[in-house]
4 protein chains.
Amino acid sequence: MAGQSSSAAVAAPDLPENPQELAELTAKVMFDNDPASQALGLAIEHVAPGEARMSMTVRRDMLNGHQTCHGGFIFALADSTFAFACNSRNAATVASGCTIDYLAPGYEGDILTADAKEYSLAGRTGVYDVQVTNQDGKRIAIFRGRSYRIKGQVVGD
Amino acid sequence: MAGQSSSAAVAAPDLPENPQELAELTAKVMFDNDPASQALGLAIEHVAPGEARMSMTVRRDMLNGHQTCHGGFIFALADSTFAFACNSRNAATVASGCTIDYLAPGYEGDILTADAKEYSLAGRTGVYDVQVTNQDGKRIAIFRGRSYRIKGQVVGD
Amino acid sequence: MAGQSSSAAVAAPDLPENPQELAELTAKVMFDNDPASQALGLAIEHVAPGEARMSMTVRRDMLNGHQTCHGGFIFALADSTFAFACNSRNAATVASGCTIDYLAPGYEGDILTADAKEYSLAGRTGVYDVQVTNQDGKRIAIFRGRSYRIKGQVVGD
Amino acid sequence: MAGQSSSAAVAAPDLPENPQELAELTAKVMFDNDPASQALGLAIEHVAPGEARMSMTVRRDMLNGHQTCHGGFIFALADSTFAFACNSRNAATVASGCTIDYLAPGYEGDILTADAKEYSLAGRTGVYDVQVTNQDGKRIAIFRGRSYRIKGQVVGD
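Described below are features of the structure shown in this document.

Rules and cut-offs
- Residues numbered from 1 in each chain as written.
- Chains lettered and ligands numbered in written order.
- Predicted model: local features only at pLDDT ≥ 70, side-chain atom pairs only at ≥ 80, totals over all residues.
- Helix = DSSP H or I, 4+ residues; strand = E, 2+ residues; numbered from the N terminus.
- Least-squares fit on C-alpha atoms with pLDDT ≥ 70 in both.
- Contact = placed C-beta atoms within 7 Å.
- Nonpolar A, V, L, I, M, F, W, Y, C, P; charged D, E, K, R; others polar.
- Pairing = 2+ DSSP bridges.
- Axes fitted to C-alpha atoms, helices over the stretch in contact; angles between N-to-C directions.
- Parallel < 35°, antiparallel > 145°, perpendicular 65-115°, else oblique.
- Left-handed = near helix turned anticlockwise from the far one by under 90°.

Okay, unusual backbone geometry next. Phi is positive for Gln67(B), which is not a glycine, with a value near 60 degrees. As for its position among the elements, Gln67(B) is in the loop between β2 (51–57) and α4 (71–86).

Dropping the structure here:
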């Protein structure tokens, strides 16, 4: 993320040592630099080392021809939440591959919440599980992401 | 898709018998009823029985914190193209699960093209492969979708 | 499973009504009719409605060229355990697709245990998660299976 | 593969420069050191840089409770073929994750053939597609594997 003015403003010596504070700072900087998550209307509900929870309201422009939430937007919510979880230790990390299974449709106005948990992290690669539920707690989709750590940091590079 | 005025206007007796004409009519009706594909700026480049090709220009509001195209939007392009391919025979069909592997990043202004081909169709279930390339022919992602045919038709129900 | 003498011997009127007893009977009949699970040396550790746990000792003839357990055998253990979980209510069910992520190698003599849990079951389709660990509790692989219920019963058809 | 006597016998200076000859040598050494592929009765039909084709006859001890080929053995055939393809340039490579979709059952006595092709190779990671067909050319399964190159060589280390 080198060259982004907002991240450049946070120098490495100023990074918090507390893992929870670092996760929160990383999430804030990531979100401020992430036009897609902003345009999707995502809200960060929770972040911690290896974890993230984000929510999204299903808008009319997210509906497909069945008048249910387009799978791409359910995926985008899960994928962003996965990204926030796997970058939460401030080591720049990208997705290498993902799988999603759809369980129930989302409708206009639904508030979907994605919960990402780190299942495994070894060397440069990790596996994360993300569960997407609606406002009634009904399971909408389940997503698994494989992460790959690249060079650099989210904040402080 | 029952109850949608635009599709209700096309009565079953008027459906074309020619598979290619039916695929084109189905795609047109689907797209007209698909706010998400419209909002993503997708363009239908080609449709045929079991096939579809769609393109999308990567906009600034599709960028993630790495300033590359958010995986959710690459997925959404692939997923829509998959949907147009698997509904191309006018039998209402939904996705049951999908897998995506990212191969190279997309950048702002890139024109991404997704090509969906039917790999297998047996009974109610099918498998489709979607390849996403950029304007230079570089492979950006590969997607596999499993489809499940539900009751009803896209056009004429 | 029609036509198999061992299952034909258990008539429908004799099936236990208690779900746990039915799960145990189903597992027993399945295993007795499953040459592959027998040849792999699988042992059923636990079965309950929507759940199964099976173990396998890594033999020399399961090693690949890296002298670690061939991924196909780790997969086979997970896949069998998934099958026992998704057939545990005595409704004949098959796998439609599966994903596996390898986390750590297995070695000759390791005792691998697979734990399958039903994540979702709706209509004819289900999603199951299977975790494979070794004798030290180390995670070896994670597997996700999608099931599809077909006609018939495991026992009593 | 360090420390294996059969591979140690082939010194680096003796490695063929021709990619096809190197692929054939690598496959031979891998197979000689792979008890699992031998025990499965796999036969190498073809190998080339980034490609492999292997066959397997479905034996009685590969049948599941439905008296069809256990998914684990179809997977093992695909997975071995993937391994031979992704190691064909003699750079030691392992699987990080795989997906399989079952299309039709295999029966006792069927000769299943797996064809692996390299779809993408960039840096340390690759994506391979493997198609499994039976003796009548019927598609039995489709498999996608992600590879990760580790240190070392198959032959000559």
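Our focus in this paragraph is the relation of the copies chain C and chain D. Rotating chain C by 180 degrees and translating it 0.0 Å along the rotation axis places it on chain D, where the RMSD comes to 0.0 Å. Classification of the inter-copy transformation places it as that of a two-fold axis. Residues of chain C ranked by C-alpha distance from the rotation axis are headed by Thr99(C), positioned 2.2 Å from it. A high fraction, 100%, of the interface residues of chain C reappear at the interface in chain D, so the copies pair face to face through one surface.

If you look at the interface, chain D gives eleven residues, while chain B gives eleven residues. Elements supplying a minimum of two residues to the side of chain D that touches chain B: β3 (91–102), β4 (111–122) and β6 (139–153) of chain D. A total of four residues in the side of chain D that touches chain B trace back to one element, the largest contributor, which is β6(D). When grouped by side-chain class, the residues that make up the side of chain D that touches chain B number five nonpolar, two polar and four charged.

This part covers the interface of chain C and chain D. With 31 residues of chain C in contact, the opposing surface of chain D contributes 32 residues. If you list the elements that add at least two residues to the side of chain C that touches chain D, you get α3 (35–39), α4 (71–86) and β3 (91–102) of chain C. The residue inventory of the side of chain C that touches chain D, partitioned by class, reads 15 nonpolar, eleven polar and five charged. In terms of strand pairing, β3(C) meets β3(D) through five bridges, oriented antiparallel. Within the sheet, the bridge partner assigned to Ile100(C) lies in β3(D) and is Cys98(D).

Attention now goes to the relation of the copies chain D and chain B. Least-squares fitting of chain D to chain B yields an RMSD of 0.0 Å, with the superposition described by an axial translation of 0.0 Å and a rotation of 180 degrees. Comparing interface residues between copies, 100% of those in chain D also sit at the interface in chain B, which points to an isologous, same-surface contact.

We now examine the packing of α4(C) against helix α4 (residues 71–86) of chain D. In the contact formed by α4(C) and α4(D), the axes pass within 8 Å of each other and the chain directions differ by 155 degrees. Classified by the angle between their axes, α4(C) and α4(D) sit roughly antiparallel to one another. α4(D) is crossed by α4(C), and the crossing has right-handed handedness. Where α4(C) approaches α4(D), its residues Gly71(C), Gly72(C), Phe73(C), Phe75(C), Ala76(C), Asp79(C) and Ser80(C) are matched on the opposing element by Gly71(D), Gly72(D), Phe73(D), Phe75(D), Ala76(D), Asp79(D) and Ser80(D).

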